[in-house]
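# Structural features, examined
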Amino acid sequence: MAYKWDFGVVFSYLHFWIKGLGITLAYSAGTVLGGLIIGVVCGMLLLSRHKWITLPVHLYVELFRCTPLLVQIVWFYYALPIVLSVELPAWLAAGLGLTLYMGSFSTEIFRGGIVSIDKGQWQAARALGMTNGELMRQIILPQAVKRMTPPFVNQSIIQLKNTSLLYVVAVPDLMYTGSIVVSDTFRPLEVYTSVALMYLAILYPLTLWAKRMEARVDQ
């Protein structure tokens, strides 16, 4: 017997979907902004010639880039209370994991954008007597930001998808809302298809925007 699709059950939970979508977007925006701040600070620290400054930053970046985000969120929520006797609420544990994860990638994006500027421009600016602050503000950063923006936007898109991992600590995002609706309706095909379409509706325009930005940088 052919499966009979019924998306009516999905629409009957509209108020739950709106709340879940709001939480997903809020976590995406908040953790991207937090990751950007971490990336700028740590990226600047990586430009230092002192190993006692760069080594801890390198350790942070590699730790969070080379371990699964799911493990990080679970560790903050379940392991931190055991290791440090610090119990974090689910929303904070998930947000901390997402922010530090985004920050590790943002750090490399920022550092890569800075070091990609031709060394001759650094030398010419210093020959003109510019201070390091003037050099960064007037010469390096205007060019570097243009190169950083496309990869940062792409990473932000990935970050929005990463918020689907919030459900593992019961933060009521889209995925967790979907699991609740499935438990009530026993219609997983309709529910998770709807979840996928909601992510697609958000992410596809952002992906097109990112491609246009990359094309402008390449011109």
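Relevant structure appears above.
### Observations regarding the nonpolar core
By size, the foremost hydrophobic cluster in this structure holds 17 residues, and its most contacted members are Trp17, Val191 and Tyr199. For this core, the secondary structure elements donating two or more residues are helix H1 (8-11), helix H7 (132-162), helix H8 (174-185) and helix H9 (188-218). Residues within four places of Tyr199 in sequence aside, it is in contact with Thr24, Leu160, Thr163, Ser164, Asp173, Leu174 and Met175.

### Points about the environment of Met136
The topology assignment puts Met136 in helix H7. We classify Met136 as buried; its relative accessible area is 13%. Sequence separation between Met136 and Ala125 is 11 residues; the distance between their C-alpha atoms is 9.7 Å. Sequence-distant contacts of Met136, that is, excluding residues within four places in its chain, are made with Met44, Ile114, Trp122, Leu141 and Pro142.

### A look at the side chain of Gln155
Mapped onto the secondary structure, Gln155 falls in helix H7. Ignoring any residue separated from it by four or fewer positions in sequence, one finds Gln155 in contact with Tyr101, Met102, Phe105 and Ile109.

### Notes on the pattern of salt bridges
Applying the stated rule across the entire model yields 3 salt bridges. Between Arg111 and Glu108 there is a salt bridge, with the nearest N and O atoms lying 3.1 Å from each other. Placement of both Arg111 and Glu108 in helix H5 (residues 90-115) is noted, with a separation of 3 residues, approximately one turn of the helix. Owing to a relative accessible area of 18%, Glu108 belongs among the buried residues under this scheme. Glu190 is the salt-bridge partner of Arg187, the closest N and O atoms lying 2.6 Å from each other.

Reading the values: the criteria
- Residues numbered from 1 in each chain as written.
- Predicted model: local features only at pLDDT ≥ 70, side-chain atom pairs only at ≥ 80, totals over all residues.
- Heavy atoms only, no water.
- Core = buried A, V, L, I, M, F, W, Y, C linked by side-chain atoms within 4.5 Å.
- Buried < 20%, exposed > 50% of the residue type's maximum accessible area, 1.4 Å probe, protein only.
- Helix = DSSP H or I, 4+ residues; strand = E, 2+ residues; numbered from the N terminus.
- Contact = heavy atoms within 4.5 Å.
- Salt bridge = Lys/Arg side-chain N within 4 Å of Asp/Glu carboxyl O.

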